[in-house]
Amino acid sequence: MASKPGILTEWPWTRLGNFKYLVLAPFVVHSIYSFFSMKFFFQGDILYIIILPLLLSRMIHNQMWISLSRYRTAKGNKLIVDKSIEFDQVDRERNWDDHIIFSGLLYYSGYLKMEQVHHWPLWRTDGIILTALIHIGPVEFLYYWFHRALHHHFLYSRYHSHHHSSIVTEPNSAVIHPFAEVVAYYVLFTIPAFVTEFTGTTSIASFVVYTIYIDFMNNLGHCNFELVPKWIFSMFPSLKYLMYTPSYHSLHHTQFRTNYSLFMPMYDYIYGTMDKSSDTLYEKSIERKAEVPDVVHLTHLTTPQSIYHLRLGFASLASKPHDTSKWYLWLMWPITLWSIMITWIYGHTFVIERNLFKDFKLQTWAIPKFRIQYSRQWQRESINNLIEEAIMEADLKGIKVLSLGLLNQDEKLNGNGEVYIRKHPQLKVKVVDGSSLVVAVILNSIPKGTSQVVLQWRSLSKVAYSIALALCQRGIQVITLDEQEYERFKAKFTPDAATNLVLSRSACVSKTWLVDDGLSEDEQLKALEGTSFIPYSPFPPRKARKDCFYFNTPAMICPKHLQNVDSCENWLPRRVMSAWRIAGILHAFEGWKEHECGNTMFDIEKVWKASLDHGFSPLTMASATESRSRI
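These figures come from a predicted structure and were not determined experimentally.

The rules we used
Residues numbered from 1 in each chain as written. Predicted model: local features only at pLDDT ≥ 70, side-chain atom pairs only at ≥ 80, totals over all residues. Heavy atoms only, no water. Helix = DSSP H or I, 4+ residues; strand = E, 2+ residues; numbered from the N terminus. Buried < 20%, exposed > 50% of the residue type's maximum accessible area, 1.4 Å probe, protein only. Contact = heavy atoms within 4.5 Å. Lys, Arg positive; Asp, Glu negative; His and termini not counted. Charge placed at Lys NZ, Arg CZ, Asp CG, Glu CD. Pairing = 2+ DSSP bridges. Axes fitted to C-alpha atoms, helices over the stretch in contact; angles between N-to-C directions. Salt bridge = Lys/Arg side-chain N within 4 Å of Asp/Glu carboxyl O. Parallel < 35°, antiparallel > 145°, perpendicular 65-115°, else oblique. Left-handed = near helix turned anticlockwise from the far one by under 90°. Nonpolar A, V, L, I, M, F, W, Y, C, P; charged D, E, K, R; others polar. UniProt positions renumbered as here; feature names shortened; annotations may be inferred. Expected span 1.5 Å × (residues − 1). Core = buried A, V, L, I, M, F, W, Y, C linked by side-chain atoms within 4.5 Å. Phe/Tyr/Trp six-rings, centres within 6.5 Å; stacked < 30°, edge-to-face > 60°. Lys NZ or Arg CZ within 6 Å of the ring centre and 35° of its normal.

A. Structural context of the overall build of the chain. Helix and strand counts for the chain stand at 29 helices and 15 strands. Viewed in the frame of its principal axes, the chain has a C-alpha envelope of about 95 × 55 × 50 Å. Taken over 631 residues, the chain has a buried fraction of 56%. Across the chain, the fraction of contacts at a sequence separation of at least 24, relative to all contacts at a separation of at least 6, is 73%. For the chain, the centre of its 63 positive side-chain charges and the centre of its 57 negative side-chain charges are spaced 2 Å apart.

Shown next as structure tokens:
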């Protein structure tokens, strides 16, 4: 929102939320019906029916730019502005698709009100040339002076300041304007259409190509990485007056009083408003190398729809916990299936996020495998090869620590990472499974004064055993409901610790349950009303009770000095990080020289103290609820 919002700031359909697309529904239905009627079938008027595909293609085009921009800026090569993007910017730019809805209303209304636009030819060369000339002349010229006027205090504070709230731009930043400002822009962009219509030279090609050109250049200028190669300007020196670069427009967002041009910098050159550092920033950005992080967190995809929740997917979904599926994602199954095929073909990890923690550079890499694949025996060799390749790549790059997230540190898959350490004993990168911090988080999540807990598990994992042992040593009774589980635990415990291990036939003995993701609905129904389910596994159990409390998977709240946090980690609330991921950061900061994998466990109190010393704070039910309420 602008600092002093003016009239017509809010979009007319804002209050409709995700149902805002319904404003186009009558036109879409009418266009499809009209096309299949006998009149349109014989007359061959296709303009009306191609409006919908054009709108959809514009959305896909913009989303491709958003994903590409986020991927390239996560890698860090050719990055222009190396500053933080936070959740407030993501929320502010959530309505980037409003301008496409507005353009759809204009296209449909224009077609229905203007008889002369019917039966446009597919192609007219003279119309395309005229459109280009009109854009170079009147459109660019008028935009330049209108843009300068928007930077006057009166208009800037009421309208344009909303757009400039994004100093670090993303492609969706390009179209984030108050409604009145967008209306003014569309008046300018319709000038070529009116001129070609008046001269009788218009065509479907000139209309569509000009729309694609505007979208392309808008996204190009706000992508925050330099991709225009040097050789273009070497071969065509005059091109620098007719085509801006991402770094050229980025300076307008950081300096505010320079580089006002739309897409063609020639008017900045003519009127002396070109930023003198434009060429220097271009050279610096185009030569910037990919970033080498200090710490890497290795995760993987979860569900087929999780691609939309990645930071490289839909920004609005990535900024919220991945706890429920949106109804409209089921309509996108063709794209989802296509993405599944790509992940099956693409056999390498990819960067999905970069952060800065004090002076340490962090990256998150994802393995192109889904959770269901981790449960398939025939997929394990392939998954282990991908994890091993990621570890070796990290070692080659000189990365200090690689932490294993989600199922990448599964005991059945790779022995909590021990397989890789045994195979490559000379590794310099430290492999961390995060078990020690996970245990510390769980122990500190149990309410004070608790005298007994129910511990449920599918297999005797390293974390489950360490939790049970620590509780028994503290004098807290650990209740198991299965005799075989009880005997396996008891065999590993010392006689003193085993005295606090209890076998019970009834689940109604404690309101504190420590569970893994295999907790069944039947097991949950056995619990007392008001029971707290505290998961110790990377995946949360399915919720079956409304009268019980479900904690998050082991995690902590991030300190303020963790920068560039604009997406949620899977199902966790905003600015909350999993214990497995935090463990890698602590390992690097503390300079610990050992691997934490296999059966190795660090001092739990030492790890917990280190997390608090570096600014991480416990995640309680109250803090998690408060974080979700802000979304």
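B. Representation of the sheet that holds strand β13 (residues 562–563). With respect to topology, six strands assemble into an open sheet ordered β5-β4-β1-β3-β2-β13, the strand pairing being mixed. Both outer strands of the open sheet, β5 (430–432) and β13, are each paired with one neighbouring strand and no more. With four bridges connecting them, strand β1 (residues 295–300) and strand β4 (residues 401–404) associate as parallel partners. Bridging from a neighbouring strand, Val295 pairs with Val401 of β4. Contacts from helix α3 (residues 47–75) reach β2 (350–357) and β3 (360–367) within the one sheet, and its direction differs from that of β2 by about 55 degrees. Contacts between helix α19 (residues 380–397) and the sheet are confined to β1, β3, β4 and β5, with β3 contributing the most and set at about 155 degrees to the helix.

C. Structural view of the side chain of Arg92. With respect to the element layout, Arg92 can be found in helix α4 (residues 87–92). No salt bridge is formed by the buried Arg92, whose closest oppositely charged neighbour, Glu93, lies at an N-O distance of 4.6 Å.

D. Structural detail: the pairing of strand β6 (residues 452–455). The pairing of β6 with strand β7 (residues 477–480) spans three bridges and is parallel. When the bridges of β7 are listed, Val454 appears paired with Ile479. Both β6 and strand β9 (residues 512–515) contribute to a ladder of two bridges, which runs parallel. Residue pairing for β9: Leu455 is matched across the bridge by Leu514.

E. The packing of helix α6 (residues 125–150) against helix α8 (residues 179–189), seen in detail. Interhelical geometry of α6 versus α8 gives an angle of 160 degrees and a closest axis separation of 10 Å. Relative to α8, α6 is oriented roughly antiparallel. Classified by chirality, the crossing of α8 by α6 is right-handed. Contacts between α6 and α8 involve Val139, Leu142, Tyr143, Phe146 and Leu150 from the first element and Glu181, Ala184, Tyr185, Leu188 and Phe189 from the second. Taken together, the residues of the contact of α6 with α8 sort by class into nine nonpolar, no polar and one charged.

F. Region of the structure containing the pattern of salt bridges. Tallying each qualifying case throughout the model produces 27 salt bridges. Between Arg311 and Glu170 there is a salt bridge, with its nearest N and O atoms 3.8 Å apart. With a gap of 141 residues between them, Arg311 in the loop between α15 (306–309) and α16 (315–318) and Glu170 in the loop between α7 (153–158) and α8 connect regions that are remote in the sequence. In terms of burial, Arg311 and Glu170 fall into one category: buried. A salt bridge links Lys230 to Glu287; the nearest nitrogen and oxygen atoms lie 2.9 Å apart. Pair noted here: Lys230 is in helix α11 (residues 230–235) and Glu287 is in the loop between α14 (278–286) and β1, with a separation of 57 residues, a long-range link. Residues joined in a network through salt bridges with shared partners are Arg70, Glu170, Arg311 and Asp566.

G. Geometry of the environment of Asp279. The topology assignment puts Asp279 in helix α14. Through-space distance from the C-alpha of Asp279 to that of Tyr248 is 8.0 Å; in sequence the pair is 31 residues apart.

H. View of the UniProt feature "domain: Fatty acid hydroxylase" (unreviewed entry) in the chain. Taking the numbering used here, the UniProt-annotated feature "domain: Fatty acid hydroxylase" (unreviewed entry) corresponds to residues 135–273. Here residues 135–273 runs as 58% helix and 0% strand, with 20 Å between its end C-alpha atoms.

I. View of helix α5 (residues 98–113). The first and last C-alpha atoms of α5 sit 22 Å apart over 16 residues, in line with the 22 Å expected at 1.5 Å per residue. By the criterion of burial, α5 is predominantly enclosed, with twelve of the 16 residues buried. Taken residue by residue, α5 has Asp98, His99, Ile100, Ile101, Phe102, Ser103, Gly104, Leu105, Tyr107, Tyr108, Gly110 and Tyr111 as its buried positions.

J. Focus on the packing of helix α12 (residues 246–255) against α14. For the pair α12 and α14, interaxial distance at closest approach is 9 Å and the crossing angle is 120 degrees. Viewed along their axes, α12 and α14 adopt a mutual orientation that is oblique. For the crossing formed where α12 meets α14, the hand is right-handed. Contacts between α12 and α14 involve Ser247, Tyr248 and Leu251 from the first element and Ser278, Leu281, Tyr282 and Ser285 from the second.

K. Up close: the pairing of β2. Across the eight residues of β2, seven count as buried, placing the element largely inside the fold. Strand direction decides the pairing type here: β2 and β3, joined by seven bridges, are antiparallel. Of the residues in β3, the one forming a bridge with Asn355 is Leu362. In textbook terms, the turn of a hairpin is the stretch between consecutive antiparallel strands, and for β2 and β3 this stretch comprises two residues, one of which, Lys358, has a positive phi near 55 degrees. Inspection of the sheet shows β2 paired to β13 by two bridges, in the antiparallel sense. Across the sheet, the residue bridging to Leu356 is Gln563, located in β13.

L. Focus on the environment of Arg58. Along the chain, Arg58 falls in helix α3. When the C-alpha atoms of Arg58 and Asp97 are compared, they prove to be 9.4 Å apart, with 39 residues separating the residues in sequence.

M. Layout of the nonpolar core. Formed by 59 residues in total, the largest nonpolar core has its most connected members in Leu437, Leu471, Phe493, Leu514 and Tyr536. Counting residues per element, this core draws most heavily on helix α23 (residues 462–473), which supplies eight residues. Look past the residues within four positions of Leu437 in its chain and what remains in contact with it is Met556, Ala579, Ile582, Ala583, Leu586, Val607, Trp608 and Ser611. Grouped together as the second largest cluster of nonpolar side chains are 31 residues, Ala394, Leu402, Leu413 and Cys597 included.

N. Examining the side chain of Gln63 more closely. Take Gln63: it is sitting in helix α3. Here Gln63 falls in the buried class, since its relative accessible area comes to 13%. Contacts of Gln63, omitting those with residues within four sequence positions, involve Trp96, Leu312, Gly313 and Phe314.

O. Representation of the packing of aromatic side chains in the model. This model, assessed by the stated rule, comprises 34 aromatic pairs. Measuring from centroid to centroid gives 5.4 Å for Tyr144 and Tyr271, while their planes differ by 20 degrees, and the two rings are stacked. Here Tyr144 is found in helix α6, whereas its partner Tyr271 is found in the loop between α13 (266–270) and α14, with 127 residues between them in sequence. Among the aromatic side chains, those forming a connected cluster through ring pairs are Trp11, Trp13, Phe102, Phe179, Tyr186 and Phe189. The residue whose ring lies beneath Arg371 is Phe539, and the NZ or CZ to ring-centre distance is 3.8 Å.

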